[in-house]
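Now for the letters of each chain:
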Amino acid sequence: MEGAMEDLQDMFIVHSVEEIQNLISAHEQFRATLPKVDNERRAILSIYNEVQKFAHSYGISPNLTNIYCTITPTELSLKWDKVKRLVPQRDNALQEELSRQQVNERLRRQFASQANLIGPWIRTSKRRSCTVQWMQAPLWRIS
């Protein structure tokens with residue numbers, strides 16, 4: 001779960017609509033796994049509660065320690081709550097970046113269109129300028 005929290009908080013740098021759409025697609029796949037993970041979390045907590053009941057019914061201290069895992073049910077719940085809070089934040093960040101990249105793409109296309117229109121004019125003007133400069137250049141005489 002800590003890996004998921006880190007991934008949800010990672011900064012991303014994209015340069016195109018396609019790149020952000022790939023990130024959104026990956027995030028949607030991640031979100032699709034959350035119900036299964038929640039079921040696993042619930043199963044773990046259920047097992048923990050059964051162990052606590054078993055310990056209580058046999059007079060064993062309820063402060064049992066799992067030698068295979070150091071995370072407590074409280075920590076598990078806190079981390080799960082944090083993941084659930086981070087998912088919508090990541091959704092929003094990805095959607096904002098998608099909007100930004102769509103605007104950038106529109107501006108790129110507008111610029112390219114304008115550049116394609118003015119390009120021939122610039123070439124023609126440059127040729128005229130070179131011709132005028134050549135015609136006005138002093139003629140050097142060699143004696």
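Below is a short write-up of the structure. From a predicted model like this one, the values you see are computed outputs, not experimental measurements.

The rules behind the values
- Here the residue numbering is sequential within each chain, running from 1 through the sequence in written order.
- Only residues with pLDDT of at least 70 are given local features in this predicted model, and only at 80 or more are side-chain atom pairs given and counted; all residues enter the totals for whole chains, interfaces and linings.
- Side-chain numbers come from the whole structure's heavy atoms, not from hydrogens or water.
- What counts as a helix is a DSSP run of H or I of at least four residues, what counts as a strand is a run of E of at least two, and both are numbered from the N terminus.
- The size measure is the radius of gyration over C-alpha atoms, and the globule rule it meets is 2.2 Å times the number of residues to the 0.38 power.
- A simple rule labels every residue: compare its accessible area, found with a 1.4 Å probe on the protein chains alone, to the largest value its type can have, and call it buried under 20%, exposed over 50%, or partly exposed in between.
- By definition in these notes, contact holds between two residues if any of their heavy atoms fall within 4.5 Å.
- The Shrake-Rupley method, run with a 1.4 Å probe, gives the accessible areas here. Residue values count only the displayed protein chains as cover.
- For the purpose of counting charges, residues Lys and Arg are taken to be positive, whereas Asp and Glu are taken to be negative. His and the chain ends are not included.
- A single reference atom marks each charge: NZ on Lys, CZ on Arg, CG on Asp, CD on Glu.
- Patch definition: residues with relative accessible area over 30% and no salt bridge; like charges joined within 9 Å; nonpolar side chains (Val, Leu, Ile, Met, Phe, Trp, Tyr) joined within 5 Å.
- Salt bridges, as used here, are contacts in which a Lys or Arg side-chain nitrogen is within 4 Å of a carboxyl oxygen on Asp or Glu.
- What makes a nonpolar core is a set of buried Ala, Val, Leu, Ile, Met, Phe, Trp, Tyr and Cys residues whose side-chain atoms join them at distances within 4.5 Å.

Moving on to the overall build of the protein. Within the protein, the secondary structure is distributed over three helices and zero strands. Against the globule reference of 15 Å for 143 residues, the protein gives a C-alpha radius of gyration of 33 Å, more extended than a compact globule. Dimensions of the protein, computed from C-alpha atoms along their principal axes, come out at roughly 120 × 35 × 15 Å. The buried share of the protein, reckoned over its 143 residues, is 17%. The contacts of the protein with a sequence gap of at least 6 include a subset with a gap of at least 24, amounting to 82%. Accessible surface for the protein amounts to roughly 11,900 Å². Of this, 57% is attributable to carbon and sulfur atoms. Treating the 19 positive side-chain charges of the protein as one cloud and the 16 negative ones as another, the clouds have centres 15 Å apart.

A cluster of nonpolar side chains, I47, V51, F54, Y58, I60 and L64, forms an exposed patch at the surface whose accessible area comes to about 600 Å². Tracing the backbone shows I60 in the loop between helix 2 (17-57) and helix 3 (73-136). By relative accessible area, which is 39% here, I60 ends up partly exposed.

As a further point, take the nonpolar core. Counting seven residues, the largest nonpolar core is built from M5, L8, L34, W80, V83, L86 and V87. At four residues, the largest contribution of residues to this core is made by helix 3. Filtering out sequence-adjacent residues up to four positions away, L86 remains in contact with M5, L8 and Q9. Counting residues in hydrophobic clusters, the runner-up holds six residues, among them V17, I20, I24 and L94.

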